[in-house]
Amino acid sequence: MYQEHAVLNGLHWVSITDPTHDDIQKLHKKFDLTPKFQSYVQDPRERSRYDYNEATDTSMLIWQVVIKDELDQGYHVIPVSFIVTSDTLISTVSERAQRVNDELQRLFTQKSKQQQSIITILLQLLWRLNDQYMDQIDDINAIRADLAKYRKNPTNKQIEALASLSNQLVHLTTATDNNVMAIKQMKLSGDADSDAVSLSKREREMVADVEIETNQSQQITQDTADLVERLSNTYNNILNNSLNDTMRFLTVWSLILAVPPIISGFYGMNMHLPLAIGQWAWVGTLFMTAALIVAVVWLVHRRK
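What counts, and where the lines are drawn
Residues numbered from 1 in each chain as written. Predicted model: local features only at pLDDT ≥ 70, side-chain atom pairs only at ≥ 80, totals over all residues. Heavy atoms only, no water. Helix = DSSP H or I, 4+ residues; strand = E, 2+ residues; numbered from the N terminus. Buried < 20%, exposed > 50% of the residue type's maximum accessible area, 1.4 Å probe, protein only. Contact = heavy atoms within 4.5 Å. Axes fitted to C-alpha atoms, helices over the stretch in contact; angles between N-to-C directions. Parallel < 35°, antiparallel > 145°, perpendicular 65-115°, else oblique. Left-handed = near helix turned anticlockwise from the far one by under 90°. Nonpolar A, V, L, I, M, F, W, Y, C, P; charged D, E, K, R; others polar. Phe/Tyr/Trp six-rings, centres within 6.5 Å; stacked < 30°, edge-to-face > 60°. Lys NZ or Arg CZ within 6 Å of the ring centre and 35° of its normal. Pairing = 2+ DSSP bridges. Core = buried A, V, L, I, M, F, W, Y, C linked by side-chain atoms within 4.5 Å.

## Section: the overall build of the protein
Regarding its fold elements, the protein presents seven helices and six strands. Across the 304 residues of the protein, 41% fall into the buried class. Excluding contacts between residues fewer than 6 apart, the proportion of contacts in the protein whose partners are at least 24 apart in sequence is 60%.

Structure (structure tokens):
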């Protein structure tokens, strides 16, 4: 869906949700969108990046945003695209990331009476999107702390929940790493007056602030991933020990159960054997069986 809005005293915002081929062609005709930028916009797996086309004086930023899946209560990461021209901000998002456009709408509404540049609004949006990473990490840490409250053995439900956290953190860690690289590219492109991208002093300061925040979210996400990995290793150690105890128990029982057939097998043969005379001879076999079982248990316990 293609929509155009007049914002910030003469500037424009074009919001596109689930861009179609016609939407891309409209961008190409109206803003001279290059084929490379068109491919970035249409790629649902594009990694975070910042690129500038000097010929058209157009910048593009791909940013990874985190989305909560209400069905499985997990978190997914998807890319959104921002194209900046001299007087227009173009945002292209999927339906699942519609809240990005909603956040932009709130920003434009709040700043409508202030002298703000398109880049300033974009950087303020990135700040808010980065805060959402921190919120998701807080939720994941709460789940991790709850999973750490296992008793003797973790349940299958706890193991599945931990595996889900590990998968989510792989995506979140990769996304924060990519976002850090993108904001660094943006900073390097306009870090000096001689650079191709023209940024004001205030905009450079905001880029630096966003870089600090993305670095912080990157570090916290990595720390959380490390904690989840340690908890996973603890679960593995507990399960391995439990399996060893089970195998030891089964081994002892197999040895114990092997003794009666041996004794009964010998005394069931048609031949003369010690203590096989008299009506109470079977009692002797019981004592021999019990003695051998006790010996087996003692030997296993001694070698434990």
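## Focus: the packing of helix α1 (residues 21-31) against helix α2 (residues 35-42)
Their axes nearest at 11 Å, the elements α1 and α2 cross at an angle of 150°. The orientation of α1 with respect to α2, classified from their angle, is roughly antiparallel. Handedness of the α1/α2 crossing: right-handed. Contacts between α1 and α2 pair Ile24, Gln25 and His28 from the former with Gln38, Val41 and Gln42 from the latter. Here the contact of α1 with α2 is built from residues that sort into two nonpolar, four polar and no charged.

## Thoughts on the packing of aromatic side chains
According to the stated counting rule, one finds three aromatic pairs in the structure shown. Residues Trp13 and Phe108 carry aromatic rings whose centres are separated by 5.3 Å and whose planes lie at 35° to one another, so their mutual orientation is tilted. A residue pair is termed long-range when its members are at least 10 positions apart, and Trp13 in strand β2 (residues 11-17) and Phe108 in helix α3 (residues 98-110) qualify at 95 residues. With relative accessibility at 2%, the residue Trp13 sits in the buried group. Over the aromatic face of Tyr2 sits the side chain of Lys26, whose NZ or CZ is 4.4 Å from the ring centroid.

## Comments concerning the side chain of Glu103
Relative to the assigned elements, Glu103 resides in helix α3. A residue is classified by how much of its surface remains accessible, and Glu103, at 11% relative accessible area, is buried. When near neighbours in sequence (up to four residues on either side) are disregarded, Glu103 contacts Leu125, Arg128 and Gln132.

## A word on the environment of Gln98
Secondary-structure assignment places Gln98 in helix α3. With 80 residues separating them along the chain, Gln98 and Asp18 place their C-alpha atoms 9.3 Å apart. Setting aside residues up to four positions removed in sequence, Gln98 forms contacts with Thr17 and Val93.

## A look at the sheet that holds strand β1 (residues 2-7)
Sheet architecture is open: six strands sit in the order β1-β2-β6-β5-β4-β3, paired in mixed fashion. Each having just a single partner strand, β1 and β3 (49-53) make up the two edges of the open sheet. The mean inter-strand angle of the sheet, taken between neighbouring strand axes irrespective of direction, is 20°. In this fold α2 packs onto β3, β4 (58-69), β5 (74-84) and β6 (88-93), with an angle of close to 5° to the strand it touches most, β4.

## Points about the nonpolar core
Membership of the largest hydrophobic core comes to 36 residues, with the highest contact counts inside it found for Trp63, Val65, Phe82, Val100 and Leu123. Per element, the largest residue contribution to this core is eight residues, and it comes from helix α4 (residues 118-147). Once residues lying within four places of it in the same chain are set aside, the contact partners of Val100 are Val65, Val80, Phe82, Val93, Leu125 and Leu129. By size, the runner-up hydrophobic cluster in this structure holds 16 residues, among which are Ile140, Ala175, Ala225 and Leu231.

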